[in-house]
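These are the residues of each chain, in order.
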Amino acid sequence: FLFCCSILNKAVVSTQSTGEILGNGSLKKKVTKQGTGENLVKGQLVKIKYSLMLSDGNVVDKDVEQVFQLGDGEVIAAIDLTANLAKVGELYEVMAQARFAYGTLGRPPKIGSNCGVLLVVEVIGAEDVPQIEDLSEEERMMIGDRKRKIGNDNFARFDYEAASTNYRGACSYLDPPSYKVVGEASEEMKDLQTKSWCNLALSELKQSKSDSGLTAINRALEIQPKSTKALYRKGKLLQEKGEYEEAEKCLKQALQLEPDNAGCKQFLKELTSAIIKSKQRQQRMYKKMFNLEDQKEATPTTEKEGATWLEGAIPMIAGAVAVGALAVAAYGGIKGMMQ
């Protein structure tokens, strides 16, 4: 930790020993300057200044100021978990394993896969965030858009789970239940709502969570029914579920809105091809299931055999009739003789 401070030119004196956050050595915190007041509380809006380096001493971020909602997944876990135990004015160091930083994905190009990090964090300020129903539309837009942009950053580095977390957070402020807000949303708000729900749908699709993705995209289409992007993404989600014909309907609707949309045209072409192939597979399956191909081949042979049998039976029947007639005649003669 002292190495951490010297690299970042922090002239501080340690006032506490290293503390284990989880008790297994994977996340350690050391306070170098005490703060004042109460510990920060989950949900507060916190402002910090931090510097981040790798274990080899390579400084990645220096004196970066950031505002985030504590405990809501807006920052890496190494900051979120340790700030929860801090006070305003506190300066502390963190040593964290990769899973509390950028994990297996890293943060290219500066942070590779499975890299542990060292941080120096200063808590500048904190304030309570009012309940959603007490916020103005402008305030909800500010918070929601911040979360959406954080989700975009997560998505850009392929951390789809973190992206979904922040997109959901954005939607909770931008599009809360109707009983929490009053009045019609502005067009600017509706645009942000649609973007956030669409982005959530896409990040869910990337995780093969098509059902929750469809829930998100359906909400986007409730807000803006003529959103070509939303219709396109709904088509992708339905394709993921194997519902090709429903997906095709979405794309046709999108092309009615934007006839020259090249992406929609290409996707519709792919869907049409997939539908044809799917129907061909079904036909082969049904034929195999009911042995229709075997019956088709067997039918001519059966008719031929039936015809051959009948041809041989005709003389036999004729002979039997003749014998029967002679027998009847003989019986009549015998009966006459008895009378």
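Conventions adopted
- Residues numbered from 1 in each chain as written.
- Predicted model: local features only at pLDDT ≥ 70, side-chain atom pairs only at ≥ 80, totals over all residues.
- Heavy atoms only, no water.
- Core = buried A, V, L, I, M, F, W, Y, C linked by side-chain atoms within 4.5 Å.
- Buried < 20%, exposed > 50% of the residue type's maximum accessible area, 1.4 Å probe, protein only.
- Helix = DSSP H or I, 4+ residues; strand = E, 2+ residues; numbered from the N terminus.
- Contact = heavy atoms within 4.5 Å.
- Salt bridge = Lys/Arg side-chain N within 4 Å of Asp/Glu carboxyl O.
- Pairing = 2+ DSSP bridges.

## Overview of the nonpolar core
Turning to step 1, where the next piece is worked out: Residues Leu52, Phe68, Ile76, Ala78, Ile79, Tyr92 and Leu119 are the most contacted members of the largest nonpolar core, which totals 28 residues.
Turning to step 2, where the next piece is worked out: If you list the elements that add at least two residues to this core, you get β2 (27-33), β3 (45-54), β4 (59-69), α2 (77-83), β5 (91-96) and β6 (117-127).
Turning to step 3, where the next piece is worked out: Here the element with the most residues in this core is β3; it accounts for five residues.
Turning to step 4, where the next piece is worked out: Each residue touching Ile79, except ones within four places of it in the same chain, is listed here: Ile48, Tyr50, Phe68, Tyr92 and Leu119.
Turning to step 5, where the next piece is worked out: Ala163, Ala201, Leu205 and Ala216 belong to the second largest nonpolar core, which has 27 residues in total.

## Quick word on the pattern of salt bridges
Turning to step 1, where the next piece is worked out: Per the stated rule, a full pass over the model turns up 18 salt bridges.
Turning to step 2, where the next piece is worked out: With a shortest N-O distance of 2.7 Å, Asp175 and Arg219 are connected by a salt bridge. Here the residue Asp175 occupies a position in the loop between α4 (160-174) and α5 (187-206), and Arg219 occupies one in helix α6 (residues 210-223), the gap between them amounting to 44 residues.
Turning to step 3, where the next piece is worked out: For Lys252, the salt bridge is made with Glu248, and the minimal N-O distance between the two is 3.9 Å. Within this pair, Lys252 and its partner Glu248 are both found in helix α8 (residues 244-257), separated by four residues, close to a single helical turn.
Turning to step 4, where the next piece is worked out: Residue classification places Glu248 among the buried positions, given a relative accessible area of 16%.
Turning to step 5, where the next piece is worked out: Shared partners join several salt bridges into a network, and the residues in it are Asp72, Glu74, Arg146 and Lys147.

## What about unusual backbone geometry?
Turning to step 1, where the next piece is worked out: Residue Pro108 is joined to Pro109 through a cis peptide bond whose omega torsion reads 5°.
Turning to step 2, where the next piece is worked out: Along the chain, the position of Pro109 falls in the loop between β5 and β6.
Turning to step 3, where the next piece is worked out: Positive phi, close to 60°, is recorded for Ser208, a residue that is not glycine.
Turning to step 4, where the next piece is worked out: Position of Ser208 among the secondary structure elements: in the loop between α5 and α6.

## Considerations on the sheet that holds β6
Turning to step 1, where the next piece is worked out: The six strands are arranged β1-β2-β5-β6-β3-β4 in an open sheet whose pairing can be described as antiparallel. Of all the strands in the sheet, just β1 (19-20) and β4 have a single pairing partner and so form its edges.
Turning to step 2, where the next piece is worked out: As paired elements, β1 and β2 share two bridges and run antiparallel to each other. Following the sheet pairing, Glu20 is matched in β2 by Lys28.

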